[in-house]
Amino acid sequence: MELRHIQYAVAVAEEQHFSRAAARLHVAQSALSSQIRDLERELGVELFSRTSRSVTVTDAGRVFLERAYGVLGSVSRLVADVSPSTTEVRRLRVGMIVPLTRVDVVAAVASLTASHPNTAVSLLPRGSAITLDGVSDGSLDVGIVGLAPGRTHTGLTSTALWTEPLSLFVAAEHEWARRRSVRLVELDGMTMIDRPAGSEARMQTDYAFTQSSVPRGTIIEADSSDIVAGLTESGLGVTLLPTSLASLFPRLHRIDVVDAPTRTVSVVTNPSNTTSVTAAFTDYLLRQGS
C-alpha cells in the first residue's frame, strides 16, 4: 500500500464519484479506478459499493477512512514539523474553560507566535467534556480543562497545571455572609447553584458530597461561572466555585470549606496529533503553572 492509494480512496469517498475524484486528483478516471481495485485486492475487502450512478462507502470502507484520515494528518504534521519553510501557515486550535486565573493564555500565545511565526491560533471557550472530545477526535489540538479527582480520558495525555480547593460563595445578604468557614455537612438540603449534571465541574461537587455522605438539596443548573455567580448573588442559592475566582465576583462572600472538594486544571493533548506547535504551546503553559 502506498500513500497515494490512501489519498485516492479518501478522494473517492469524499466526492462519492470516480469522475469527480479523478478530476480533483488530476489523474485519469481509469487509472484511479485501477488503483482503487488494487487497494481493495490488497486489503481483501470492498471499500466502495458501486452502481452506474453512485459510489457509497462500505462498512469496511468507513473503518479504512477513519484510519486514513489519521495517517494523512500524521504525514501532514510530519512535513510541517521538518519543513524549513517559514511561509506555510500552521494551525493551533485550543479549547479552554473560562475564566482561567492562574495561567496567562495570551502570554502563551505571544510566546508561541514569536517562536513559531505564521501560526494561526484559535482560542475556543468550551466546557471540559466538549474540549476533551475535541482533542480526542482531532478537531482541537490542545485542551485546558478542569477535571474532577481521578478523572482521565483514554488515549489523551493530561498534565496538571494546578489543583485548588473549591470555596462556598453566598450573596452579600445571606445569613452566612459573615462566616469564615463551613463544612459540607452544613449544606445538607440547601438549594445550590451548580453546573449541569454530567459536566466535569458537576462531577467535582457530586463526588465531594458522595464521599462525605451529605445528601444534596435542590440544584439550579447553569453552564457558565458568570451565570452561576449571578444566580447566587440574587439569593436563589449558594454555590461552590474554585477559590481563585473570588476576585472576579467581589459582590459574593467567599467562605472556606473545611472538607472542600478540589478542582485540577490540566492541559491535554492527543499523542497522535502532537506537533512542534502544540508541544511548544503546552510547554509555555506548564512553565506558568509550575
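Residues numbered from 1 in each chain as written. Predicted model: local features only at pLDDT ≥ 70, side-chain atom pairs only at ≥ 80, totals over all residues. Heavy atoms only, no water.

S.K.: Give a description of the environment of Leu-168 that names residues and reports values.
M.R.: Along the polypeptide, Leu-168 turns up in strand S6 (residues 157-171). Put simply, Leu-168 and His-253 are 85 residues apart on the chain and 8.2 Å apart in space, counted from C-alpha to C-alpha. With near-sequence residues (within four places) excluded, Leu-168 lies in contact with Trp-176, Val-182, Leu-187, Val-238, Thr-239, Leu-240, His-253, Arg-254, Ile-255 and Val-257. (Helix = DSSP H or I, 4+ residues; strand = E, 2+ residues; numbered from the N terminus. Contact = heavy atoms within 4.5 Å.)

S.K.: Give me the lowdown on the nonpolar core, citing residues and values where you can.
M.R.: Ranked by internal contacts, the top residues of the largest apolar core, which has 21 residues, are Leu-100, Val-105, Ile-144, Leu-161, Phe-281 and Leu-285. If you list the elements that add at least two residues to this core, you get strand S3 (90-96), helix H5 (105-115), strand S5 (142-147), S6, strand S12 (262-269) and helix H9 (276-289). At 5 residues, H9 tops the list of elements feeding residues into this core. Ignoring sequence-local partners within four residues, the contact set of Phe-281 consists of Leu-92, Val-94, Val-105, Ala-108, Val-109, Leu-112 and Val-142. Judged by nonpolar contacts, the second largest core, of 19 residues, contains Val-10, Val-12, Ile-36 and Leu-65. (Core = buried A, V, L, I, M, F, W, Y, C linked by side-chain atoms within 4.5 Å. Buried < 20%, exposed > 50% of the residue type's maximum accessible area, 1.4 Å probe, protein only.)

S.K.: Give me the side chain of Gln-204: which residues, what numbers.
M.R.: Note that Gln-204 resides in helix H7 (residues 200-211). Relative accessible area serves as the criterion here: at 4%, Gln-204 is assigned to the buried category.

S.K.: Give me the UniProt feature "domain: HTH lysR-type" (unreviewed entry) in the protein chain: which residues, what numbers.
M.R.: Those residues carrying the UniProt feature "domain: HTH lysR-type" (unreviewed entry) are residues 1-58 in this numbering. Between the C-alpha atoms that bound residues 1-58 the distance is 19 Å, and the span itself is 62% helix and 10% strand. (UniProt positions renumbered as here; feature names shortened; annotations may be inferred.)

S.K.: How would you sum up the environment of Ala-279? Please name residues and give values.
M.R.: Along the polypeptide, Ala-279 turns up in helix H9. Ala-279 sits in the partly exposed class, given a relative accessible area of 41%. C-alpha separation for the pair Ala-279 and Asp-141, spaced 138 residues apart in sequence, amounts to 9.9 Å.

S.K.: An account of the pairing of S12 is requested, with residue identities and associated values reported.
M.R.: Along S12, 7 of the 8 residues are buried, which leaves the element largely enclosed by surrounding structure. As judged from the 6 bridges shared by S5 and S12, these two strands associate in the antiparallel manner. Along S12, the bridge assignment pairs Val-142 with Thr-269. Examined bridge by bridge, S6 and S12 share 8 bridges and lie antiparallel to one another. Residue pairing across strands places Ala-160 opposite Ser-266, the latter belonging to S12. (Pairing = 2+ DSSP bridges.)

S.K.: Give me the domain arrangement of the protein chain: which residues, what numbers.
M.R.: Assigned domains within the protein chain: domain 1 (3-82) and domain 2 (89-289). Relative to domain 2, the C-alpha centre of domain 1 lies at a distance of 41 Å. (Domains from an automatic or database assignment.)

S.K.: Which residues make up the layout of surface pockets, and what values do they have?
M.R.: In this structure, the largest pocket spans a volume of roughly 590 Å³. What lines the largest pocket is a set of 32 residues, and nearest its centre among them are Ile-97, Val-98, Arg-195, Ala-201 and Asp-223. Among the secondary structure elements, those contributing two or more residues to the lining of the largest pocket are helix H6 (128-137), strand S8 (192-194), H7, helix H8 (225-233) and strand S10 (238-242). When grouped by side-chain class, the residues that make up the lining of the largest pocket number 16 nonpolar, 9 polar and 7 charged. (1 Å grid on protein atoms, 1.4 Å probe; cavity = no way out; pocket = protein on both sides within 12 Å on 5 of 7 lines; lining within 4 Å. Points joined across faces, edges and corners; volume = space filled by probe spheres on them. Nonpolar A, V, L, I, M, F, W, Y, C, P; charged D, E, K, R; others polar.)

S.K.: Summarise the packing of helix H1 (residues 3-15) against helix H2 (residues 18-25); cite the residues concerned and give the values.
M.R.: Where H1 meets H2, the axes come as close as 8 Å, and the angle between the chain directions of the two elements is 130°. Here H1 is positioned oblique relative to H2, judged by the angle of their axes. Like other packed secondary-structure pairs, H1 and H2 cross with a definite hand, here right-handed. Facing H1, whose interface residues are Gln-7, Tyr-8, Ala-11, Val-12, Glu-14 and Glu-15, H2 presents Phe-18, Arg-20, Ala-21, Arg-24 and Leu-25. Per-class residue counts for the contact of H1 with H2 are 6 nonpolar, 1 polar and 4 charged. (Axes fitted to C-alpha atoms, helices over the stretch in contact; angles between N-to-C directions. Parallel < 35°, antiparallel > 145°, perpendicular 65-115°, else oblique. Left-handed = near helix turned anticlockwise from the far one by under 90°.)

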